[in-house]
Amino acid sequence: MTTVRVSSLVQTQDVIQQLLEKFRVLNKASEFALFKVMENGETRRISEDEYPLLTRVIMGPSDEACKLFIMDTDARPELPSEVAQYINLTETELRGILKKFDEEENKEVQRLWRKYENYRRLLGTRKKILEAMSYCTSSLA
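These figures come from a predicted structure and were not determined experimentally.

Calculation notes
- Residues numbered from 1 in each chain as written.
- Predicted model: local features only at pLDDT ≥ 70, side-chain atom pairs only at ≥ 80, totals over all residues.
- Heavy atoms only, no water.
- Helix = DSSP H or I, 4+ residues; strand = E, 2+ residues; numbered from the N terminus.
- Contact = heavy atoms within 4.5 Å.
- Areas by Shrake-Rupley, 256 points an atom, 1.4 Å probe, with all protein chains shown as cover.
- Phe/Tyr/Trp six-rings, centres within 6.5 Å; stacked < 30°, edge-to-face > 60°.
- Buried < 20%, exposed > 50% of the residue type's maximum accessible area, 1.4 Å probe, protein only.
- Core = buried A, V, L, I, M, F, W, Y, C linked by side-chain atoms within 4.5 Å.
- Patch = residues over 30% accessible without salt bridge, like charges linked within 9 Å, V, L, I, M, F, W, Y side chains within 5 Å.
- Salt bridge = Lys/Arg side-chain N within 4 Å of Asp/Glu carboxyl O.
- Lys, Arg positive; Asp, Glu negative; His and termini not counted.
- Charge placed at Lys NZ, Arg CZ, Asp CG, Glu CD.
- Pairing = 2+ DSSP bridges.

Enquirer: Quick one: what's the story with the overall build of the protein chain, residue by residue and with numbers?
Expert: Along the protein chain, the regular secondary structure elements total four helices and three strands. Helices and strands appear in the protein chain in the N-to-C order α-β-β-α-β-α-α. Considering only contacts within the protein chain whose residues lie at least 6 apart along the sequence, 57% involve residues at least 24 apart. Summed over its atoms, the accessible surface of the protein chain is roughly 11300 Å², and 57% of this surface lies on carbon and sulfur atoms.

Enquirer: I'd like a description of the packing of aromatic side chains, backed by residues and values.
Expert: Scanning the model with the defined rule gives one aromatic pair in all. Both rings, one in W113 and one in Y116, keep their centres 5.5 Å apart while their planes meet at 85 degrees; by these two values the pair is edge-to-face. Taken together, the positions of W113 and Y116, both in helix α4 (residues 91-140) and three residues apart, correspond to about one turn of that helix. Judged by relative accessible area, Y116 falls into the partly exposed class, the value being 44%.

Enquirer: Any details on the nonpolar core? Residues and values, ideally.
Expert: One finds V10, V15, I16, L19, L20, A29, F32, L34 and I46 forming the largest nonpolar core, which totals nine residues. Elements with a contribution of two residues or more to this core: α1 (12-22) and β1 (32-38). With four residues, α1 is the single largest residue contributor to this core.

Enquirer: Could you give an account of a negative patch on the surface, naming the residues involved and the relevant values?
Expert: Among the surface-exposed residues, D102, E103, E104 and E105 lie close enough to one another that they form a single negatively charged patch. Relative to the helices and strands, E105 resides in helix α4.

Enquirer: Break down the pairing of β1 for me, citing the residues and quoting the values.
Expert: Most of β1 is tucked away: six of the seven residues are buried. In the sheet, β1 pairs with strand β3 (residues 66-72) via seven bridges, with the strands oriented antiparallel. When the bridges of β3 are listed, M38 appears paired with C66. The hairpin turn running from β1 into strand β2 (residues 43-46), its antiparallel successor, is four residues long, and G41 in that turn takes a positive phi close to 100 degrees.

Everything listed here is a matter of geometry and, on its own, says nothing about what the molecule does.
Structure below.
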């Protein structure tokens, strides 16, 4: 764990600059970003106008639940919570979820086929009615 002492008034870019100076990294601060990484894998980039100390305080006292990392700006895309919740699941759990999605998809396909068949029957019936009407009108003429 690396410690950098900052006040609540220090913004993200200044914290990055302090970290780079502490480890004598010659790269520009603009090449790096701070990321908040939750225990479930959810990742969010801390914007340049945020205050990392306040972000850390809001995360709570546990170092395990959430951590701050400095990374290359392009190194890791942000991971929304909808996706992150699946990262720590076992393969068996993921297969169960996929099975459930497949079942729901199959039900939806069956529902659409029934709807299609009903429309097809309805069109067939209306076609016969129109043909009968046109036969009646042509035989009267």
